[in-house]
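Summary of structural features
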Amino acid sequence: MAVLLGLLLLLHARITDRGGLGSLVETFLPWFGLLVPVLLVGALWRRSASAVVALLLPVAVWLNLFGGLLGDRSHPGGDLTVAEHNVGDANPDPVGTAHELAASGADVLALVELTEQARGRYERELAKAYPYHTVQGTVGLWSKLPLSDTRPVDIKMDYGPLAATKPAEVKMTYTRALRTTVATDRGPLAVYVAHLGSVRLQPRMGFWTESRDRGARALAEAVAAERNRRVVLLGDLNGTVDDRALAGITSRMRSAQDEAGKGFGFTWPARFPVARIDQILVRGVQPHSSWVLPATGSDHLPVAARISW
């Protein structure tokens, strides 16, 4: 069992993704390390030296994959603080959430899962701290610095033969990603905000990820076509950076948490986080620190990072 655990960790990328199995395993991959002490207890109970030695394989592989995330990788400095939060469509206190996010000191704040009912509240409560903002569908960006060249990004949420026949105002209701340029003292910064499709664990279909995967491919194409050298992606990607479905994005961008955070930085669910699906990914800029903000009325935790270039 120890050898099998080690091989699972080592060869997780080769696990079939039929029924979403590969994505499901990779979403919770760090937690497989908890099986090591369980197997160790069994080895000691059996007084089996060979079983203890066999445990060196999963331990070595786990440390190789995740050992670097255990310490504090942050360091002082940075020119700009960016933050992202899935505020939750069932958030009972959008006003309180807006106040807490404004108090975080973020220069650029991305919000996803905005409802039509709550949008006005966020706009009113954040207006004083953030004079510039844009909302495209259910995602928005609030900034202390001017914005320009703002446009929605099609991540194929409305997909199929009838999608092209729908008017623009109808398509806007499906918009879950945007791109804008933030004017900084150090030059323009391209910022993407995205909320990829949800995933579902279903008895018959397994780990259903079709909408998320389709959106990830479309978002990866948009990022690949971006001409600005400095890019930040803020969003709820409904997947971890270990998930193969996000490889098109993570192969072009780096995780601020992985480079400059402390620990794993899990964000969902807020009451007992088990996975980091809320991401700050960068290209052409240097993250100095990354952290998880205190809980709000949402079922996700907000995230923030300090960057420079």
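Use the structure listed above.
Residues numbered from 1 in each chain as written. Predicted model: local features only at pLDDT ≥ 70, side-chain atom pairs only at ≥ 80, totals over all residues. Heavy atoms only, no water.

So, the overall build of the protein chain
Secondary structure summary: the protein chain contains eleven helices and 14 strands in total. Taking 309 residues into account, the globule formula puts the C-alpha radius of gyration at 19 Å, and the protein chain, at 21 Å, falls close to it. C-alpha extents for the protein chain along the principal axes are approximately 65 × 50 × 40 Å. Per-residue burial over the protein chain gives 50% buried out of 309 residues. Nonlocal contacts in the protein chain, meaning residues at least 24 apart in sequence, comprise 70% of its contacts between residues at least 6 apart. For the protein chain, the accessible area works out to roughly 14,900 Å², and carbon and sulfur atoms hold 59% of it. A gap of 5 Å separates the mean positions of the 33 positive and 29 negative side-chain charges of the protein chain. (Helix = DSSP H or I, 4+ residues; strand = E, 2+ residues; numbered from the N terminus. Rg over C-alpha atoms; globule rule 2.2 N^0.38 Å. Buried < 20%, exposed > 50% of the residue type's maximum accessible area, 1.4 Å probe, protein only. Contact = heavy atoms within 4.5 Å. Areas by Shrake-Rupley, 256 points an atom, 1.4 Å probe, with all protein chains shown as cover. Lys, Arg positive; Asp, Glu negative; His and termini not counted. Charge placed at Lys NZ, Arg CZ, Asp CG, Glu CD.)

Here's the deal with the pattern of salt bridges
The full count for this structure, using the stated rule, is twelve salt bridges. A salt bridge links Arg-119 to Glu-123; its shortest N-O distance comes to 3.1 Å. In this pair, Arg-119 and Glu-123 are both assigned in helix α7 (residues 116-126), four residues apart and thus about one turn of the helix distant. When its relative accessible area of 23% is taken as the criterion, Glu-123 is described as partly exposed. Between Asp-149 and Arg-151 there is a salt bridge, with its nearest N and O atoms 3.3 Å apart. Residues joined by salt bridges that share partners form a network here, namely Asp-149, Arg-151, Arg-179 and Glu-226. (Salt bridge = Lys/Arg side-chain N within 4 Å of Asp/Glu carboxyl O.)

Notes on the nonpolar core
The biggest cluster of nonpolar side chains holds 22 residues, and the ones touching the most others in it are Leu-189, Leu-234, Ile-280 and Ile-307. If sequence neighbours within four positions are ignored, Ile-307 has contacts with Gly-78, Asp-79, Leu-80, Val-82, Leu-189, Val-232, Val-282, Val-285, Gln-286, Pro-287 and His-288. Within the second largest apolar cluster, 20 residues are counted, among which are Val-153, Ile-155, Ala-222 and Val-223. (Core = buried A, V, L, I, M, F, W, Y, C linked by side-chain atoms within 4.5 Å.)

Topic: the pairing of strand β14 (residues 303-308)
A large share of β14 lies buried, amounting to five of its six residues. In the sheet, strand β1 (residues 80-86) pairs with β14 via five bridges, with the strands oriented antiparallel. Following the sheet pairing, Glu-84 is matched in β14 by Val-303. Note that strand β13 (residues 286-292) and β14 share six bridges and pair antiparallel. In the sheet register, Val-292 faces β14, and the bridge partner there is Val-303. (Pairing = 2+ DSSP bridges.)

Examining unusual backbone geometry
The omega torsion of the bond from Trp-268 to Pro-269 falls at -15°, within 30 degrees of zero and hence cis. By the secondary structure assignment, Pro-269 is in the loop between α11 (256-260) and β12 (278-283). Unusually for a residue other than glycine, Asp-149 sits at a positive phi of about 50°. Within the secondary structure, Asp-149 is located in strand β5 (residues 147-152). A positive phi angle, near 50°, is found at Asn-238, a position not held by glycine. Structurally, Asn-238 can be placed in the loop between β10 (231-236) and α10 (247-250). By relative accessible area, which is 12% here, Asn-238 ends up buried.

Notes on the sheet that holds strand β2 (residues 108-112)
Ordered by their spatial adjacency, six strands build an open sheet running β3-β4-β2-β1-β14-β13, and the pairing between neighbours is mixed. Whereas interior strands pair on both sides, the edge strands pair on one side only; in this sheet they are β3 (132-136) and β13. Across the sheet, the mean angle separating the axes of adjacent strands is 15° when strand polarity is ignored. (Axes fitted to C-alpha atoms, helices over the stretch in contact; angles between N-to-C directions.)

A short note on the sheet that holds β5
Strands sit in the order β5-β6-β7-β10-β12-β11 across an open sheet of six strands; the sheet is mixed. Among the strands making up the open sheet, the edge pair consists of β5 and β11 (254-255). Relative to β12, β10 runs antiparallel, the two being bridged by six bridges. Its bridge partner lying in β12, Gly-235 is registered against Gln-279.

Honestly, it's all geometry; don't read function into it.
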